Amino acid sequence: MELRSERWPSSWAVELATESGPVVVRITNVSLTGLRFAGPTPPRIGEKVQFSAMGKPVSARVVRRERTGGALIFELPITLAQLSNLRQFRDLPSGYMRRA
């Protein structure tokens, strides 16, 4: 059995570049190896997506789709600095999505 990376809560919003165009989602938890998000989901499991963390591109693959969100696994683990940045938890007004 493979151990999961430690996960951290977040409310950071990011814009995912998908095959069908950009989608803004809110990260709900993040680790060095992946993240879970709330918002519109890319069309299929296995689709490659990309977003920016601290000005650097992060490539990922969709591994879970749910009615209210989904999960991504990163092609390469993110850095500790990127993890620290993405795990910020902010109180934002309802309905407000900030681009990272």
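Okay, so let's go over this structure. Keep in mind that what you see is a predicted model, and the values were worked out from it rather than measured. (Residues numbered from 1 in each chain as written. Predicted model: local features only at pLDDT ≥ 70, side-chain atom pairs only at ≥ 80, totals over all residues. Heavy atoms only, no water.)

Further remarks concern the overall build of the protein. Within the protein one finds one helix and seven strands. Ordered by position in the sequence, the α and β elements of the protein form the string β-β-β-β-β-β-β-α. Put simply, the protein has 100 residues, and 36% of those count as buried. Counting only contacts in the protein whose residues sit at least 6 apart along the sequence, the fraction spanning at least 24 positions is 53%. Accessible surface, the protein as shown: approximately 6,300 Å² in total, 53% of it carbon and sulfur. (Helix = DSSP H or I, 4+ residues; strand = E, 2+ residues; numbered from the N terminus. Buried < 20%, exposed > 50% of the residue type's maximum accessible area, 1.4 Å probe, protein only. Contact = heavy atoms within 4.5 Å. Areas by Shrake-Rupley, 256 points an atom, 1.4 Å probe, with all protein chains shown as cover.)

Take the pairing of strand β7 (residues 69–74) next. Most of β7 sits out of view: five of its six residues are buried. Here strand β4 (residues 34–38) pairs with β7 via five bridges, running antiparallel. When the bridges of β7 are listed, Phe37 appears paired with Gly70. Two strands pair when backbone bridges link them, and strand β6 (residues 56–66) and β7 are joined in this way by six bridges, in the antiparallel orientation. (Pairing = 2+ DSSP bridges.)

This part is about the pairing of β6. As paired elements, strand β5 (residues 48–53) and β6 share six bridges and run antiparallel to each other. By the bridge assignment, Val49 is partnered in β6 with Ala60. Taking the residues between adjacent antiparallel strands as the criterion, β5 and β6 are bridged by two residues, where Met54 takes a positive phi near 60°. Connecting the antiparallel pair β6 and β7 is a turn made up of two residues.

Opposite charge on two side chains permits pairing when their charged atoms draw close. In total, this model carries three salt bridges according to the counting rule given. We note a salt bridge from Arg36 to Glu66, for which the minimum N-O separation is 2.6 Å. Taken as a pair, Arg36 in strand β4 and Glu66 in strand β6 lie far apart in primary sequence, 30 residues in all. Under the relative-accessibility criterion, Glu66 is labelled partly exposed at 34%. Across the pair Glu75 and Lys48 runs a salt bridge whose closest N-O atoms are separated by 3.8 Å. Of this pair, Glu75 sits in the loop between β7 and α1 (80–86) while Lys48 sits in strand β5, and the two are 27 residues apart along the sequence. The exposure class assigned to Lys48 is exposed, which follows from its relative accessible area of 54%. (Salt bridge = Lys/Arg side-chain N within 4 Å of Asp/Glu carboxyl O.)

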